[in-house]
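Here's the letter readout for the chains.
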Amino acid sequence: MSQAKVDKRKYEKKNRKKLEKQRKIRVIVKCVTAALIAGMIIGVPLGIKIYKEQPKFVGDSVLEAYIGNYIDENYATEISGLGSKADTSEDNTSEGSSEDEIKDALEDASGSKLEEVDEEDLDKMLETDSEEEKESSEADKEE
């Protein structure tokens, strides 16, 4: 054996505990890094999917209706025995008025009353908008 190999073996034998500790630390760092990368590969797309499925703007009543419908659709069988008769009567009345609650929430959010628009009114509105745009574009051309 060459002198370099002999010196290397002596060093390894002398510092065996220290070298073993460094090797274990490297293995742990590699495992943690691999776990973080695996978590990111799984977590980021899943987080994006969950974020996109959430409604963008939700009022209190809309959120209540959304959660109620979600629970009814997914967990109704598990919780059917938990409610009392008074709770079921409330649920029946809230189902009929959920559209009204949603409409009220939208009105609160927009700050104005929502009006039901007939097709004729819609045509009139669209024509006036287009005429106003034409007039403004003509005025811009003259200047």
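Fair warning: this is a prediction, and the values are worked out from it, not measured in the lab. (Residues numbered from 1 in each chain as written. Predicted model: local features only at pLDDT ≥ 70, side-chain atom pairs only at ≥ 80, totals over all residues. Heavy atoms only, no water.)

## Concerning the overall build of the protein
Where we set the bar: Strands here are runs of E lasting at least two residues and helices are runs of H or I lasting at least four, both read from the DSSP assignment and numbered beginning at the N terminus. Think of it in three bands: with a 1.4 Å probe and only protein chains considered, a residue is buried below 20% of the maximum accessible area for its type, exposed above 50%, and partly exposed in between. In these tables, accessible area is a Shrake-Rupley quantity obtained with a 1.4 Å probe, and a residue counts as shielded only by the protein chains included in the view.
Looking only at helices and strands, the protein has 6 helices and 0 strands in total. Considering the protein as a whole, with its 143 residues, one finds that 3% of them fall into the buried category. Accessible surface, the protein: about 13,300 Å² in total, of which carbon and sulfur atoms supply 56%.

## Digging into a nonpolar patch on the surface
So the rule is basically this: Without a salt bridge and with relative accessible area above 30%, a residue can belong to a patch; like charges are then joined within 9 Å and nonpolar side chains (Val, Leu, Ile, Met, Phe, Trp, Tyr) within 5 Å. The salt bridge criterion pairs a side-chain nitrogen of Lys or Arg with a carboxyl oxygen of Asp or Glu, the two atoms within 4 Å.
Taken together, Leu63, Tyr66, Ile67, Tyr70, Ile71, Tyr75 and Ile79 make up a surface patch of nonpolar side chains, about 630 Å² in accessible area. Along the chain, the position of Ile71 falls in helix α3 (residues 60-79).

## Notes on the confidence of the model for the protein
The criterion, for reference: For every residue, the predictor assigns a confidence score, pLDDT, that lies between 0 and 100. Contacts between residues were defined by any pair of non-hydrogen atoms, one from each residue, lying within 4.5 Å.
Mean pLDDT over the protein: 75, with 57% of residues reaching 70 or higher. Contacts from residues 84-89, a stretch scored under 50 in pLDDT, to residues over four places away or in other chains number 0 contacts.

## Structural notes on helix α2 (residues 16-53)
Spelled out, the test is: Multiplying 1.5 Å by the residue count of a helix minus one yields the expected span of that helix. Bend, at a single residue, is the angle you get between axes fitted to the 7 residues ending at that residue and the 7 residues starting at it.
The end-to-end C-alpha distance of α2 is 55 Å, a good match for the 56 Å that 38 residues give at a rise of 1.5 Å each. Roughly 25 degrees is the biggest bend found in α2, and it falls at Gly43, with proline Pro45 one to four residues downstream.

## Description of the pattern of salt bridges
A pair can form between side chains of opposite charge whenever their charged atoms are brought close. A complete count under the given rule lists 1 salt bridge for this structure. Between Arg23 and Glu20 there is a salt bridge, and its shortest N-O distance comes to 2.6 Å. Residue Arg23 and its partner Glu20 are both found in helix α2; the two are separated by 3 residues, about one turn of the helix. Relative accessible area serves as the criterion here: at 34%, Glu20 is assigned to the partly exposed category.

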